[in-house]
Amino acid sequence: MSIKKIIEVNGTMTIKSGVHIGGNDNGTKVGGCDNPVIRNPLTNDPYIPGSSIKGALRSCAEKMPAYAGKIRNGKPCGCGQETCMVCKLFGAHMNMRAASGEPRLIVRDMNLSPDFLDRVMESGGSRSDIIETKTSTMIDRNTNTASGGSFHNMERVAAGTVFDCSFSLKVMDKDNEAELINFFKKCLSIVEATGIGGKVTSGSGQVEFDIDWKHPTEVTL
């Protein structure tokens, strides 16, 4: 099985409700945040690791009715069958002899859009405005009040923030290109519906993709 071509599509991902992708707190300080977001160590700007997006995409794919039965003991699909789109797109988990071949999807890290940053600065804002701190607590079921000692803070990338995104699809000589692209599009739409990062069931993590499907970059090998 050989690579026929590589298709790269670019676009943006807009945060619709605050997103938390956890980073290293380097030891929580008094009055600090319990759960900081991941940041670029050189710029201190938040970014979204490609691994986080790819993990969310795979998780959504494996919950589709056609593939849900393949999950065993909570581990990713590793059937490696030629007809398994999950194994084709993301790779067969722990299966070095998979008939599905190597993973087709490459997800790049997502950095803040320069155009978005320009708009923030022009409106009188600053980079610090991109990060918000959300406080949450557990409710005591008997008193319906905040449970003592349960307060904690979580950083989120604020709603409205825009990240540039880039995805590449390796099309193998035996692949159905349209099938690969359509399956990937479906995964993206499910991620939009379910969210990414932490606390998605509590309002966090909603995102929206705007991908330029009409002008892909193609490399023929």
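Basis of the calculations
Residues numbered from 1 in each chain as written. Predicted model: local features only at pLDDT ≥ 70, side-chain atom pairs only at ≥ 80, totals over all residues. Heavy atoms only, no water. Helix = DSSP H or I, 4+ residues; strand = E, 2+ residues; numbered from the N terminus. Buried < 20%, exposed > 50% of the residue type's maximum accessible area, 1.4 Å probe, protein only. Contact = heavy atoms within 4.5 Å. Areas by Shrake-Rupley, 256 points an atom, 1.4 Å probe, with all protein chains shown as cover. Axes fitted to C-alpha atoms, helices over the stretch in contact; angles between N-to-C directions. Parallel < 35°, antiparallel > 145°, perpendicular 65-115°, else oblique. Nonpolar A, V, L, I, M, F, W, Y, C, P; charged D, E, K, R; others polar. Phe/Tyr/Trp six-rings, centres within 6.5 Å; stacked < 30°, edge-to-face > 60°. Core = buried A, V, L, I, M, F, W, Y, C linked by side-chain atoms within 4.5 Å. Salt bridge = Lys/Arg side-chain N within 4 Å of Asp/Glu carboxyl O. Patch = residues over 30% accessible without salt bridge, like charges linked within 9 Å, V, L, I, M, F, W, Y side chains within 5 Å. Lys, Arg positive; Asp, Glu negative; His and termini not counted. Charge placed at Lys NZ, Arg CZ, Asp CG, Glu CD. Expected span 1.5 Å × (residues − 1). Polar contact = N/O pair within 3.5 Å; in protein donor to acceptor, adjacent residues only side chain to side chain. Pairing = 2+ DSSP bridges. pLDDT = per-residue confidence, 0-100.

Peer 1: Any chance you could explain the overall build of the chain here in plain terms?
Peer 2: Check the secondary structure of the chain and you find four helices and nine strands. Scanning the chain from its N terminus toward the C terminus, one meets helices and strands in the order β-α-α-β-α-β-β-β-β-β-α-β-β. Looking at the 221 residues of the chain, the share that counts as buried comes to 40%. The long-range fraction of contacts in the chain, counting pairs at least 24 apart against all pairs at least 6 apart in sequence, stands at 67%. On the chain, roughly 12,200 Å² of surface is accessible, and the fraction owed to carbon and sulfur atoms is 49%.

Peer 1: What is the right way to read the packing of helix α1 (residues 50–61) against helix α4 (residues 177–194) from this model?
Peer 2: Each pair of packed helices can be summarised by the angle the axes make with each other and by the distance between the axes. Contact geometry of α1 with α4 gives a least axis separation of 9 Å together with a crossing angle of 100°. With respect to their mutual orientation, α1 and α4 come out roughly perpendicular. Across the interface between the two elements, A56, L57, C60 and A61 of α1 pack against F183, F184, C187, L188, I190, V191 and T194 of α4. Of the residues belonging to the contact of α1 with α4, the class tally is ten nonpolar, one polar and no charged.

Peer 1: Explanation requested: the environment of A99 in the structure shown.
Peer 2: Mapping A99 onto the fold places it in the loop between α2 (85–90) and β2 (105–107). Residue classification places A99 among the partly exposed positions, given a relative accessible area of 41%. For A99 and T83, which are 16 residues apart along the polypeptide, the C-alpha to C-alpha distance reads 9.0 Å. Filtering out sequence-adjacent residues up to four positions away, A99 remains in contact with M1, G80 and E82.

Peer 1: Just to check I follow, could you spell out the packing of aromatic side chains for this structure?
Peer 2: The way to describe two aromatic rings as a pair is by their centre distance and the angle between their planes. Evaluated as defined, the whole model comprises three aromatic pairs. The structure contains a cluster of three or more aromatic residues connected by ring pairs, namely F167, F184, F209 and W213.

Peer 1: Hey, could you run me through the nonpolar core in this one?
Peer 2: For soluble globular proteins, the rule of thumb is that nonpolar side chains tend to be buried together. Residues M13, L57, F167, F183 and F209 are the most contacted members of the largest nonpolar core, which totals 53 residues. Here this core gets seven residues from one element, more than from any other, and that element is α4. Setting aside residues no more than four positions away along its own chain, M13 makes contact with I48, I53, M110, T161, V162, F163, C165, I196, V207, E208 and F209.

Peer 1: Any chance you could explain the pattern of salt bridges here in plain terms?
Peer 2: Pairing between side chains of opposite charge can happen when the charged atoms of each approach one another. Counted by the stated rule, this structure contains nine salt bridges. One salt bridge connects E155 with R39, and the closest N-O pair in it is separated by 2.8 Å. Remark: R39 occurs in the loop between β1 (3–15) and α1 and E155 occurs in strand β6 (residues 152–157); sequence separation between them is 116 residues. Given a relative accessible area of 11%, E155 falls into the buried group.

Peer 1: Is there a simple way to think about a negative patch on the surface in this case?
Peer 2: Residues D115, D118, E122 and D164 make up a contiguous surface patch of negative charge. For the negative patch, the element with the highest residue contribution is helix α3 (residues 114–122), accounting for three residues. Structurally, the position occupied by D115 is in helix α3.

Peer 1: I tried to follow α4 on my own but got confused; where do I start?
Peer 2: Across its 18 residues, α4 extends 26 Å between first and last C-alpha, which sits within 8% of the 26 Å expected from 1.5 Å per residue. Among the structural elements, β1, α1, α2, β2, β7 (162–172) and β8 (207–211) are those in contact with the buried residues of α4. Sitting at the head of α4, N176 places a side-chain oxygen 3.2 Å from the backbone nitrogen of A178. At the exit of α4 stands G195, carrying a positive phi of roughly 100°.

Peer 1: Mind showing me how you'd approach the pairing of β8 here?
Peer 2: Of the two faces of β8, only the one carrying V207, F209 and I211 is buried; E208 and D210 on the other face are not. Bridge analysis of β1 against β8 gives five bridges, and the strand direction is antiparallel. Residue pairing across strands places T12 opposite D210, the latter belonging to β8.

Peer 1: Explanation requested: the confidence of the model for the chain in the structure shown.
Peer 2: A low pLDDT means the predicted coordinates there should not be read in detail. When the pLDDT values of the chain are averaged, the result is 88; 87% of them are 70 or greater. Of the regions scoring below 50 in pLDDT, residues 26–32 engages in three contacts with residues more than four places distant in sequence or in other chains.

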